[in-house]
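Spelled out, the chains give:
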Amino acid sequence: MKPATSTTRLTLAVDNLTSEGEGVARRNRDIYFVPGALPGETVEVVLNGRRRQVWQTRLLSIQTPSPQRTEPLCPHYQRCGGCDLQHLQYPAQLGFKQERVAREFSRQNISVPDWQAPIQAEPWHYRRKARLGVRFSQQKGENFVGFREAASAHLTNIDECLVLPAHPALNWAHWREQLGQLQGRAHITQIEVIVADNALALVLRILKPLSAADQTRLTEFAQRLQGAEKLPLQLWLKTDKQAAPQLLWPALAEPLFHRVDELALQIQPDDFIQVNGAVNRAMVQQALDWLQPQPDEVIWDLFAGHGNFSMPLAKRSQQVWAVEGDESMVTSLQQQAQQLQLPLQARCADLSGNDGLRELPDPAAVLLDPPRAGAAGIMQELLQRQVPRILYVACDAATQARDLNVLVTAGYQVVRAGIMDMFPQTHHVETMVLLERKAKRHG
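Everything numeric in this text was worked out from a predicted model, so none of it was measured.

Trainee: Provide a residue-level description of the sheet that holds strand β2 (residues 23-27), including the pertinent values.
Mentor: In spatial order, the strands read β1-β2-β3-β5-β4; together these five strands close into a barrel with mixed pairing. Between one strand axis and the next, the sheet turns through 50 degrees on average, direction left out of account. Examined bridge by bridge, strand β4 (residues 42-51) and strand β5 (residues 54-64) share eight bridges and lie antiparallel to one another. In the strand pairing of β5, valine 43 is matched with isoleucine 62.

Trainee: Give me the packing of helix α1 (residues 90-107) against helix α8 (residues 397-409): which residues, what numbers.
Mentor: With their axes 9 Å apart at the nearest point, α1 and α8 run at an angle of 35 degrees to one another. In this structure, α1 crosses over α8, and the sense of that crossing is right-handed. Residues Val101, Glu104 and Phe105 of α1 form the contact with α8, whose participating residues are Ala397, Ala398, Gln400, Ala401 and Leu404. Of the residues contributing to the contact of α1 with α8, the split by class is six nonpolar, one polar and one charged.

Trainee: Account for the pattern of salt bridges, with residues named and values stated.
Mentor: Tallied over the entire structure, the rule returns 22 salt bridges. Between arginine 79 and glutamate 149 there is a salt bridge, and its shortest N-O distance comes to 2.6 Å. Here glutamate 149 lies in the loop between β7 (142-148) and β8 (155-157) and arginine 79 lies in the loop between β5 and α1, a separation of 70 residues in the sequence. Under the relative-accessibility criterion, arginine 79 is labelled partly exposed at 47%. Residue classification places glutamate 149 among the buried positions, given a relative accessible area of 18%. Through salt bridges with shared partners, a single network forms among Lys129, Arg131, Glu192, Arg205, Lys238 and Asp270.

Trainee: Go over the environment of asparagine 171, please, and point to the residues and values.
Mentor: Tracing the chain through its elements places asparagine 171 in the loop between β8 and α2 (172-179). Judged by its relative accessible area of 26%, asparagine 171 falls in the partly exposed class. It is 31 Å that separates the C-alpha atoms of asparagine 171 and arginine 58, two residues lying 113 residues apart in sequence.

Trainee: Go over the nonpolar core, please, and point to the residues and values.
Mentor: Counting residues in hydrophobic clusters, the biggest one holds 71 residues, and the most contacted among them are Trp172, Trp175, Ile191, Val193, Leu202 and Leu235. No other element matches the seven residues that helix α4 (residues 277-291) contributes to this core. Leave out the neighbours within four places in its chain, and tryptophan 172 touches Leu132, Val145, Ile158, Asp159, Glu160, Cys161, Leu164, Ile191, Val193 and Leu202. Counting 36 residues, the second-largest nonpolar core is a separate cluster that includes Ala349, Met379, Val414 and Leu435.

Rules and cut-offs
- Residues numbered from 1 in each chain as written.
- Predicted model: local features only at pLDDT ≥ 70, side-chain atom pairs only at ≥ 80, totals over all residues.
- Heavy atoms only, no water.
- Pairing = 2+ DSSP bridges.
- Helix = DSSP H or I, 4+ residues; strand = E, 2+ residues; numbered from the N terminus.
- Axes fitted to C-alpha atoms, helices over the stretch in contact; angles between N-to-C directions.
- Left-handed = near helix turned anticlockwise from the far one by under 90°.
- Contact = heavy atoms within 4.5 Å.
- Nonpolar A, V, L, I, M, F, W, Y, C, P; charged D, E, K, R; others polar.
- Salt bridge = Lys/Arg side-chain N within 4 Å of Asp/Glu carboxyl O.
- Buried < 20%, exposed > 50% of the residue type's maximum accessible area, 1.4 Å probe, protein only.
- Core = buried A, V, L, I, M, F, W, Y, C linked by side-chain atoms within 4.5 Å.

Rendered as structure tokens:
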């Protein structure tokens, strides 16, 4: 049999979606992944090779479209690798994400007696942090500014990103023109966007320091971009991965902050923050409603970040232990807690194991918000402490389900769960689960 090549075309019936939102089609014993296709569609594809026993394909045409298909709003959708579900109507995006999480839970035998309604907000212009790539092409003599293409390291130019806020400073065609006039145009590698509640900060990551003339040109450009906009603009330069960004313009600027639970939490340009402000505020409120912290309780917030959950919890409890692996965030946590006069103790620890937790007092409740790898390293410590209530917030349903299996097998029960659409137009989904330790029966 002649092996299939990139010229081999097939007509396929799509019956499902992968966890990453790609269409799935089957023919005989073969499985095909079709990016951009939806269940119920008949599509024509070209084969792109085989990987892990699955054929990878490229969508050529849609012969029978799904009633849930919609026209993507973004003109860069076909090339940009960012928003991979724009072709799916927004209510159907929520349905897909709910089904995806339920499927991962089912694989680990996790039963949810009460699924809460999804937390959602505006599906466009929601993103308050993003990083754009910048590359100078010697061959073309111009700068490219944009995001990576899907499944590629190639940078594609974009003029406007529809999930970022509407602001003159986020017109990337203007930035390409401006960067092209700099002497150090080949030394700029990224532009990071941070949309705080009190300012819009742009951080230029550069390989070498810019000349005084280039810095003056950028300052003048920033002044023009500010114009009459109400949200103040800040321009920062970062020359080293380990060093903090340096403010270029204005000469003095108010520290960045975002509001959570009526608290103004300060953030540094390098800090991790949840990218969707409206969903984050609703998520924190739901966490408080579910966990019900009491004034006499000690609570752990693990993977605490800059205090997104820790500070609101500390307003309502006797003491919060906020544990985080980044020393700069721990310092910021402690300083802000002291300024706000909150009963919070911040500790730096590697949460891939239990070492950082053994000296802490027993908690009445624990909140977990780990990275994608999950919290496998601390499961045994939680079991040993017999923590009465655990609230698990996750950005990866598969690793969360794995960890929930450990807890449920050891005697915890899931009380309720719900998804949070932190990243509309993409396949990414966040999930919150409340567990309680079953009381032992005495015969």
